Amino acid sequence: MASGPESKSAGHRNEPVHTADRHSSSAAAQSHLAFMSKTLLAPLAHKKADSARILSDRELVIMTPRMMNAAATVTSRSRGGINSVLNGSSRMDFATLGRAPMRLTLGARRVTSRDLQIIEAKDELLGAEVPEPEGIASDVSLLRGFNATIPSSDRSRSRRRQVRNVDTRKVGLRQGLLTRGMPDEGEQGEDMRSVTSEDGAPVAGAGKRKGKRRPRESLSTTKLLGKDELSRQAQEIIRDKENLHVRRSLITNEIAEVDSKIMALSEIRCQLERDLLKTQEDELELDDELEGIQERMEFEEVSSKQQKATSVRAPHVAPSRRRKGPVFLPSEHDELPLAVAFMTLESHISPITALDFSEPYGVLVSSSQDDIQPRVWDLMTGAEIGRLQGHRGTVKCIQVEDNLCLTGSDDGSARLWNLGAVDDGWEEASLSDVAEDIGDQDGELVEKPNSVRCSAEGGGPCLRRLEGHSKAVTALYFEDDCLVTGASDKTLRQWDLTTGQCVLTMDILWAISHSPGGAAGSLSPAPLYPGLSAAGMYQDFVGAVQFWGYALVSGSGDGAVRMWDMRTGQAHRTLTGHTGPVTCLQFDETHIATGSLDKSIRIWDVRTGSTFETIKYDHGVTCLQFDSRKVVAATGENGIKIYNRTTMQHSTLATNGHTRPVQRLRYMDRYLVSGGRDATVKVWTL
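Structural notes, computed from the coordinates. (Residues numbered from 1 in each chain as written. Predicted model: local features only at pLDDT ≥ 70, side-chain atom pairs only at ≥ 80, totals over all residues. Heavy atoms only, no water.)

**Overview of the overall build of the protein**
Then step 1. Each helix and strand in the protein was counted, giving 12 helices and 29 strands.
Then step 2. Split by element, the accessible area of the protein, about 42100 Å² in all, is 55% carbon and sulfur. (Helix = DSSP H or I, 4+ residues; strand = E, 2+ residues; numbered from the N terminus. Areas by Shrake-Rupley, 256 points an atom, 1.4 Å probe, with all protein chains shown as cover.)

Okay, here's the thing in structure tokens:
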């Protein structure tokens, strides 16, 4: 029976022994951990102390709520880890330490080799120069700028005002407040009473005491601030002024930065506007290309039908002046530099008066002032093929379509040529050599003024000679079998190229006299161009003509642009606006572009008859051509002027260009030919 209690007592005696063993094992683990920590951190102990000293010298960090929550989370985790070790909930031995990731602290953050590199390079980092800030607050430190932006000056100003406040016995302002029913915070005695009128306004002099009046003391003498207080206020004011200077500097720099941002945004906006205009130009270019493809499809469709049935008439091809879309160019053309004259033709000896070509790198026909024989060129090689012999005067106008060429001359005639029959068997001739009788050469004379003369030599390049004008033919335009010529005799004539007969004559003087603005029977045109005599003005009275269907447009020396109906021969509309002779024109479905010696180009709206756009230059305009994207003009200068209709910007072609003013020009797509008063013909890339 005694053995039971003894065994129990023995068991109770054994329990402290096991507890002591557990405490001893836990202490051993802690001692091992402390030993390992000291061993690993011994080389870095002095560096850690230096880092702690450096960090202790730093300014206080303003903790955000997120930073405080993160710090609290890390602290709770660290405490939990330490408590678990101290309580012996987990045993840590060398095997566990070897398997676990190595940590230099008991926290949750893991130290990497990058941290060790930074600690080792601490001296170099501390010795490196800190770069100065640029831009805003470049001359102000961060702490100074922070102190300058806090409302310390307002508090100092409020404190100084409170110090300067003086307690007075009564203030007239209180009486005024009382008369308006507002309560007074101070005590109101008998001497604070005031007599008021019926409307509540205070009565001057009422309620005053009788007797001798005491002189009022100055408020500044009733209170002494002391030297220390005044010095303190002076220092506060000086500090506030310095802070205001800092704030002014910061605000000025911010304004400068805002200005720079505005400028940058403005540049971005300008670039976006240019990109938008470029998209418009691309859209117009695609529209022209689409129309060109549609015309090409119609042409090839008719050509295929013609091959099947030989009786089908030759397909209609739109004249090159109205042809849209890209043209066929050699592959080498893309390799040429833009806006540069890459070819020069130098056979003429006098200023160029007219030129035209069939297609890029095709056949060119040009004429000069003292040469009665137009020259034919091969634009692929730049060689002269031959000359067109027959005219007895200077050739003033030329139009080339495929292998056909029409020329108008000072001799009052127009000739139709076959460029395929031109050879190099020509003889030199000039105006001084023309002394033979008009009836001699080129067949016999026909008395009818509107007759056709054929070449006397069979198989020659001259197909027809159209005579009818009494003076120089200065303008012409033909399409298919219809030709319209304008001459200095102030008439326009319509010709049938199939029969060679003049089918209609339009008198400009008759149109002037019967216009709504002219008097009946008057034979003088509108007011003359200032600075030109009547003879000089009427020398080339008709500057340009062009028709489309039955609609004919002419520009004349009186500065008027007339629109004619070719079925009746009547001018049904006159566009006035130019103050000088109209020298050139071109029109499409909606617009008419006219150039004049009044130094301007006007673009008219065909539907309304009003001026759509006016382009000014420094000299008279002698030639122009336009499309939906640009206007190319010869404006009496050595360079060729190009006006972008989308961006409204002007540019000039001058590289390797003419040495004297440009007189004539003609372009297709990206290919341009010009002739100037320097007797040269230049070929350009666009």
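Once the structure has been displayed, the description carries forward.
**Side note on the pattern of salt bridges**
Then step 1. Scanning all chains against the criterion turns up 21 salt bridges.
Then step 2. For glutamate 236, the salt bridge is made with arginine 232, and the minimal N-O distance between the two is 3.3 Å. With a gap of four residues between them, glutamate 236 and arginine 232 both fall in helix H10 (residues 227-308), about one helical turn apart.
Then step 3. By relative accessible area, which is 5% here, glutamate 236 ends up buried.
Then step 4. By relative accessible area, arginine 232 is classed as partly exposed at 43%.
Then step 5. One salt-bridge network, in which partners are shared between bridges, spans Asp371, Arg375, Glu384 and Arg387. (Salt bridge = Lys/Arg side-chain N within 4 Å of Asp/Glu carboxyl O. Buried < 20%, exposed > 50% of the residue type's maximum accessible area, 1.4 Å probe, protein only.)

**Topic: the sheet that holds strand E21 (residues 600-605)**
Then step 1. Pairing is antiparallel across the open sheet formed by four strands, whose spatial order is E19-E20-E21-E22. Looking at strand neighbours, the two that pair on one side only are strand E19 (582-587) and strand E22 (611-616), the edges of this open sheet. The mean inter-strand angle of the sheet, taken between neighbouring strand axes irrespective of direction, is 15°. (Pairing = 2+ DSSP bridges. Axes fitted to C-alpha atoms, helices over the stretch in contact; angles between N-to-C directions.)

**Looking at the nonpolar core**
Then step 1. Among the nonpolar cores identified, the biggest contains 18 residues, and Leu492, Ile508, Val542, Val545, Phe547, Leu552 and Trp564 are the most heavily contacted of them.
Then step 2. Ranked by the residues each element gives to this core, the list is headed by helix H11 (residues 508-513), at four residues.
Then step 3. Apart from the residues lying within four places of it in its own chain, the contact partners of phenylalanine 547 are Tyr477, Phe478, Glu479, Cys482, Val484, Leu552, Met566 and Phe587.
Then step 4. Counting residues in each nonpolar core, the second largest holds 15 residues, with Leu329, Trp377, Leu379 and Met668 among its members. (Core = buried A, V, L, I, M, F, W, Y, C linked by side-chain atoms within 4.5 Å. Contact = heavy atoms within 4.5 Å.)

**Notes on the environment of aspartate 678**
Then step 1. Turning to its location among the elements, aspartate 678 is positioned in the loop between strand E28 (671-676) and strand E29 (681-685).
Then step 2. We classify aspartate 678 as buried; its relative accessible area is 17%.
Then step 3. Setting aside its immediate chain neighbours within four residues, aspartate 678 contacts His658, Thr659 and Arg660.
Then step 4. In this structure the side chain of aspartate 678 is engaged in a polar contact, spanning 3.2 Å, whose partner is the side chain of histidine 658. (Polar contact = N/O pair within 3.5 Å; in protein donor to acceptor, adjacent residues only side chain to side chain.)

**What to know about the packing of aromatic side chains**
Then step 1. Scanning the model with the defined rule gives six aromatic pairs in all.
Then step 2. Ring centres of tyrosine 477 and phenylalanine 547 lie 5.1 Å apart, and the angle between their planes is 90°; this geometry places the pair in the edge-to-face category. Highlighted residues: tyrosine 477 in strand E11 (residues 473-479) and phenylalanine 547 in strand E15 (residues 542-548), separated in sequence by 70 residues. Side by side, tyrosine 477 and phenylalanine 547 carry an identical accessibility label, which is buried.
Then step 3. Of the aromatic side chains, those joined through ring pairs into one cluster are Phe342, Phe357, Tyr361 and Tyr671.
Then step 4. Lying across the ring of phenylalanine 541, lysine 490 places its NZ or CZ 5.8 Å from the centre. (Phe/Tyr/Trp six-rings, centres within 6.5 Å; stacked < 30°, edge-to-face > 60°. Lys NZ or Arg CZ within 6 Å of the ring centre and 35° of its normal.)

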